[in-house]
2 protein chains.
Amino acid sequence: MADKYDCLKLDNQLCFPLYACSKGVVNAYKPYLDEIGLTYTQYIAMMVLWECEEVTSKQLGQRLLLDSGTLTPVLKALESKGFIDRSRSKEDERNLIITLTEKGRALRDEAVKIPSKMAACSNIDPQDAAELYRILRKMMKNF
Amino acid sequence: MADKYDCLKLDNQLCFPLYACSKGVVNAYKPYLDEIGLTYTQYIAMMVLWECEEVTSKQLGQRLLLDSGTLTPVLKALESKGFIDRSRSKEDERNLIITLTEKGRALRDEAVKIPSKMAACSNIDPQDAAELYRILRKMMKNF
DNA sequence: TACAATTAGATTGTACACAATTAAATTGAA
DNA sequence: TTCAATTTAATTGTGTACAATCTAATTGTA
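In what follows, the accompanying structure is described. (Residues numbered from 1 in each chain as written. Chains lettered and ligands numbered in written order. Predicted model: local features only at pLDDT ≥ 70, side-chain atom pairs only at ≥ 80, totals over all residues. Heavy atoms only, no water.)

Re the side chain of Ser-22 of chain A
Using the following cut-off: Going along the chain from the N terminus, every DSSP run of H or I of four or more residues is numbered as a helix, and every run of E of two or more is numbered as a strand. The classification of residues rests on relative accessible area computed with a 1.4 Å probe and restricted to protein chains. Under 20% of the type maximum is buried, over 50% is exposed, and intermediate values are partly exposed.
Following the sequence through the fold, Ser-22 of chain A ends up in helix H1 (residues 15-36). For Ser-22 of chain A, a relative accessible area of 8% gives the class buried.

The following block contains the structure:
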């Protein structure tokens, strides 16, 4: 029954469910993020800012695992929507300092409703969610 | 200690490790896929074809959870590399029939080495991999 | 102190992803 | 049979991702 090509079957891959679920979850966020005018990538960037108030582009990239090629347009979009300010560091002009605007800070009170809405529409059982979190966190250490 | 914004902390999200690991795994494939001239999306498309020999674009999209906007350029790229042929169905001209070329079939013998190379460089423990697979498969049913 | 090496961000190019729209083929109901 | 509704791909537009390169600022060292 088994042949040497079994390892290439889509159903035998771990990468595909991972890839599909990642896309699926990002898509599930879309309707809620649309309401507050953010994309998923912009949302996770704002999460870091709501925690830190001020970070450099470099720090944000390290936290989100994104390089400047991705981050530059994301941050410009957030700036054009008025949620953040982009400015150069006085101490080191190479560093781009990202700060929240008043509007960006205020957005947090809209965003805070999203996690519970997501939980409500996701069918994942809490034990599975905890296991998934544990395994993915462990996996992230290898990158 | 806990405040009402805790649910917005990046470290409290399940979506972020999922998103980060998905990207990480796709990136881990890159060096191996480069050797055989495929991108990750092209690779999973080829997997379906190695199993089926012939599918419509529609069927491929259903299997990979991709729409024509994504699939059309992917299939054109695979065609230009000589791995597949694209032709219209005689019975229903709306359907695009994808078939493997001889070169595409031959590529399978190169690709078959990839899963074990990936397993070797990934540090995931087999129990975790099985659990992860189970949970993600369950999650996929909700999309 | 010069100046090579490093660092941070921006830019360019390629490749998805997906929403919305379009176009052509087919189907189905009056 | 006719023509409106449906179906399938392709196209267009926006927004990531990431490699490679570029530019400017800073750092380390001879």
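Regarding the interface of chain B and chain A
You'll often see interface size given as the accessible area lost when the parts meet. Defined as follows: A contact between two residues is defined here by any heavy atoms of the two lying within 4.5 Å. Once two parts are brought into contact, the accessible area they lose, counted with a 1.4 Å probe and summed over both, makes up the buried area. By definition, a salt bridge exists where a carboxyl oxygen of Asp or Glu is found within 4 Å of a side-chain nitrogen of Lys or Arg. Polar contact is the term for a pair of N or O atoms within 3.5 Å; when the atoms are in protein, one must be able to donate a hydrogen and the other to accept it, and sequence-neighboring residues count only if both atoms are side-chain atoms. Lys, Arg, Asp and Glu make up the charged group, whereas Ala, Val, Leu, Ile, Met, Phe, Trp, Tyr, Cys and Pro make up the nonpolar group; the residues left over, Gly among them, are polar.
Chain B puts 55 residues into the contact, and the matching count from chain A is 55 residues. Between chain B and chain A, the buried area comes to about 5,700 Å², and carbon and sulfur atoms account for 69% of it. Of all residues in chain B, the largest losses of buried area upon contact with chain A belong to Leu-8, Leu-10 and Tyr-19 of chain B, amounting jointly to 12% of the total for that side. A salt bridge links Lys-4 of chain B to Asp-109 of chain A; the nearest nitrogen and oxygen atoms lie 3.5 Å apart. At the junction of chain B and chain A, the tally comes to 15 residue pairs in polar contact (both at pLDDT 80 or more). Residue composition of the side of chain B that touches chain A, grouped by class: 35 nonpolar, six polar and 14 charged.

Here we look at the protein's contact with DNA strand C
The line we're drawing: Any residue with at least one heavy atom within 4 Å of a molecule or strand is counted as near it.
Near DNA strand C lie 29 residues; those nearest to it are Tyr-19, Lys-58, Ser-68 and Thr-72 of chain A together with Thr-39 of chain B. Per the 4 Å cut-off to the protein, sugar and phosphate atoms form 78% of the nearby atoms of DNA strand C. One of the side-chain nitrogen or oxygen atoms of Ser-68 of chain A is found 2.7 Å away from a base nitrogen of DNA strand C. Within the side chain of Thr-39 of chain B, one N or O atom sits 2.7 Å away from a phosphate oxygen of DNA strand C. Sorting the residues of the surface near DNA strand C by element identifies H1, helix H3 (57-64), helix H4 (68-80) and strand S2 (84-88) of chain A together with helix H2 (40-52) and helix H4 (68-80) of chain B as the ones contributing at least two each.

Here we look at the protein's contact with DNA strand D
Around DNA strand D sit 29 residues, and of these Thr-39 and Gln-42 of chain A together with Tyr-19, Asn-27 and Ser-68 of chain B come closest. Of all atoms in DNA strand D that approach within 4 Å of the protein, 79% are sugar or phosphate atoms. At a separation of 3.1 Å, a phosphate oxygen of DNA strand D approaches a polar side-chain atom of Thr-41 of chain A. Of all elements in the fold, only helix H2 (40-52) and H4 of chain A together with helix H1 (15-36), helix H3 (57-64), H4 and strand S2 (84-88) of chain B reach the threshold of two or more residues within the surface near DNA strand D. In terms of residue class, the surface near DNA strand D is built from five nonpolar, twelve polar and twelve charged.

Things to note about the side chain of Thr-56 of chain A
Residue and element names in this part refer to chain A. With respect to the helices, strands and loops of the structure, Thr-56 is situated in strand S1 (residues 54-56). Overall, Thr-56 belongs to the buried group, its relative accessible area being 13%. Other than its neighbours up to four places away in sequence, Thr-56 contacts Asn-95, Leu-96, Ile-97 and Ile-98.

Overview of the packing of aromatic side chains
Definition in use: Any two rings among Phe, Tyr and Trp, with Trp reduced to its six-membered ring, count as a pair given centres within 6.5 Å; such a pair is stacked if its planes are under 30 degrees apart, edge-to-face if over 60, and tilted if neither.
What the rule picks out here adds up to ten aromatic pairs over all chains. Summarising the aromatic geometry, the rings of Tyr-19 of chain A and Tyr-40 of chain B are spaced 5.3 Å apart at their centres and angled 65 degrees between planes, so their arrangement reads as edge-to-face. You can see Tyr-19 of chain A sitting in helix H1 and its partner Tyr-40 of chain B sitting in helix H2, one on each of two chains. Assigned by exposure class, Tyr-19 of chain A and Tyr-40 of chain B land together as buried.

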